[in-house]
Amino acid sequence: MVVGSGGREHALAWKLLQSDTVTRVICVPGNGGTASLPGCENLPMSGEDFAGIRRYALVNGIALVIIGPEVPLAMGLTDYLQAEKIPVFGPTQAGAQIESSKSWAKALIQSAGIPTAQAASFTDLESAQAYVQQQGAPIVIKADGLAAGKGVTVAMTVDQALAAIAAAFQGQFGEAGQRVLIEEYLEGQEISVLALTDGKTIRPLLPAQDHKRIGEADTGPNTGGMGAYAPVPLATPALMQRIQQEILEPTLQALQTAGIDYRGVLYAGLIVTPTGDPKVIEFNCRFGDPETQVVLPLLETPLITLLLACVEQRLKQQPAIAWKQQVAACVVMSAAGYPGDYSKGAEIFGIDLAEAKGAMVFHAGTRLKQYHLITDGGRVLAVTASGADFAQALDQVYVAIKSIDFAGCYYRRDIGHRVRSN
Ligand code: AMP
Ligand code: GLY
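A. Spotlight on the environment of Gly416. With respect to the helices, strands and loops of the structure, Gly416 is situated in the loop between β23 (409–410) and α15 (417–420). For Gly416, a relative accessible area of 0% translates into the label buried. Note: C-alpha distance between Gly416 and Leu43 (373 residues apart in sequence) is 35 Å.

Rendered as structure tokens:
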């Protein structure tokens, strides 16, 4: 069973069904893509309906529940299902704090001596404003809680920072913004390292780079992610080794020290500074979206083997994770207005044509309505291709995208700009 309804969950279901031992995947609630994936079935129930999920899993003998999004993890779905001895991939509520509270995560990171941006946390407007005045810009303002990837403002001026603080305390992010973390601005390239852990051993998947800003040339507000590619040439084997030793292993150790048995994905959002040092800007408690859509197509080892090894604490005994000698890229097609207000319900055309051109179209926010596929979210589709190099993969994506249309469709034309010329 895969809990969630985004592109990440479509990619997880698609990849799971490629494992010989997986014949059936239930998505809760899934989307238009999982509804039409052979072997996959949608269960029309909220991913936050704990009792419903438990009942279905017990009655149908679900072998493994994989929780995609952060919200049910932060609400304690893992703890709830574990109490019924249902195998779950995804951390407990205590472990999910690494994402659900930025100040909790920051304290953990600092206590373990892991390289990160300096930060201070505030619960009142006046002290937060005073701190910004004293620190100056550029500076980064973060809502403490979950805000669907939109709770961060990278302020280039003090005025922008003050406005972001005011908006947070005025309730722009609800409860999530009643505490803010104010962080030193780090310059450098970002990489996402999604690592699998069984609570004792931690192993990275291929590094990916996400494009968080809505606008081309990385401008405009942050989104959940507008495109991605993997692997990242900047993340050389030597850098990955440092990330393992300086970041992943100490974080796992700090979680253990905190008494947390963490089995799932630890997603490290890193900045590689101009001097080549990796620093943590955030942790997430789950697979990234859209990073998953570019990492999983490259995975050779059956996904189910790795997930079960995490749940059953056998990761150390697993052979090295095997990868295809290819690269992958994806471009997100979103609804006009996203990450602000957007409308739903536009009919989507041309996915078959795009797939006939060799792309994989992962659905992010779609729904089947009387056999018509319609938009049902801000991020609508993640059009993905793999190839021998980035130029090939990206060309294939952009050719395929031309076949797809829905009213108000928007996408960035510069995904992969850092690797295209390589
Ligand atoms: P987060 O939700 O913490 O990943 O932040 C969203 C985005 O804001 C990141 O992907 C970065 O692009 C940017 N960001 C977050 N923290 C910092 C920082 N300390 N310095 C520079 N950029 C940051
Ligand atoms: N792509 C960013 C995230 O999944 O948080």
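B. Inspection of the side chain of Lys102 at higher detail. The residue Lys102 is located in helix α7 (residues 102–111) in this model. Overall, the relative accessible area of 18% leaves Lys102 in the buried class. Once you skip the residues sitting within four places of it in the chain, Lys102 turns out to touch Lys142, Ala143, Asp144, Val152, Leu181 and Glu282.

C. Geometry of the site of ligand 2. With respect to spatial proximity, the complete set of residues near ligand 2 consists of Asp210, Lys212, Gly224, Tyr267, Asn284, Arg286, Gly288, Asp289, Pro290 and Glu291. Measuring from a nitrogen atom of ligand 2, one finds a side-chain N or O atom of Asp210 at 2.7 Å. Taking Glu291, its side chain carries an N or O atom lying 2.8 Å from a nitrogen atom of ligand 2. Expressed as a share of its isolated accessible area of 200 Å², the protein-covered part of ligand 2 is 90%. By residue class, the composition of the shell around ligand 2 is two nonpolar, three polar and five charged.

D. Molecular detail of the site of ligand 1. In the vicinity of ligand 1, 16 residues are found, and the nearest of them are Glu183, Glu184, Leu186, Glu190 and Glu282. Here Glu184 contributes a backbone N or O atom positioned 2.9 Å from a nitrogen atom of ligand 1. In the model, an oxygen atom of ligand 1 is placed 2.3 Å from a nitrogen or oxygen of the Glu190 side chain. Elements supplying a minimum of two residues to the shell around ligand 1: β7 (139–143), β8 (152–155), β9 (180–184) and β17 (278–284). Partitioned by chemical class, the residues of the shell around ligand 1 number eight nonpolar, one polar and seven charged.

E. How the structure looks around unusual backbone geometry. Put simply, Ala137 and Pro138 share a cis peptide bond, and its omega is -5 degrees. By the element assignment, Pro138 lies in the loop between α8 (125–135) and β7. For the peptide bond that leads from Asp289 to Pro290, omega is 20 degrees, which places it in the cis range. Tracing the chain through its elements places Pro290 in the loop between β17 and α11 (291–295).

F. Focus on the packing of α8 against helix α9 (residues 158–169). Following both chains from N to C, one finds α8 and α9 inclined at 165 degrees, their axes separated by 10 Å at the closest point. Looking at the two axes, α8 sits roughly antiparallel to α9. The handedness of the crossing between α8 and α9 is right-handed. The residues of α9 that touch α8, namely those facing Leu125, Ala128, Gln129, Val132 and Gln133, are Val158, Ala161, Leu162, Ile165, Ala166 and Phe169.

What counts, and where the lines are drawn
- Residues numbered from 1 in each chain as written.
- Chains lettered and ligands numbered in written order.
- Predicted model: local features only at pLDDT ≥ 70, side-chain atom pairs only at ≥ 80, totals over all residues.
- Heavy atoms only, no water.
- Helix = DSSP H or I, 4+ residues; strand = E, 2+ residues; numbered from the N terminus.
- Buried < 20%, exposed > 50% of the residue type's maximum accessible area, 1.4 Å probe, protein only.
- Contact = heavy atoms within 4.5 Å.
- Near = heavy atom within 4 Å.
- Polar contact = N/O pair within 3.5 Å; in protein donor to acceptor, adjacent residues only side chain to side chain.
- Areas by Shrake-Rupley, 256 points an atom, 1.4 Å probe, with all protein chains shown as cover.
- Nonpolar A, V, L, I, M, F, W, Y, C, P; charged D, E, K, R; others polar.
- Axes fitted to C-alpha atoms, helices over the stretch in contact; angles between N-to-C directions.
- Parallel < 35°, antiparallel > 145°, perpendicular 65-115°, else oblique.
- Left-handed = near helix turned anticlockwise from the far one by under 90°.

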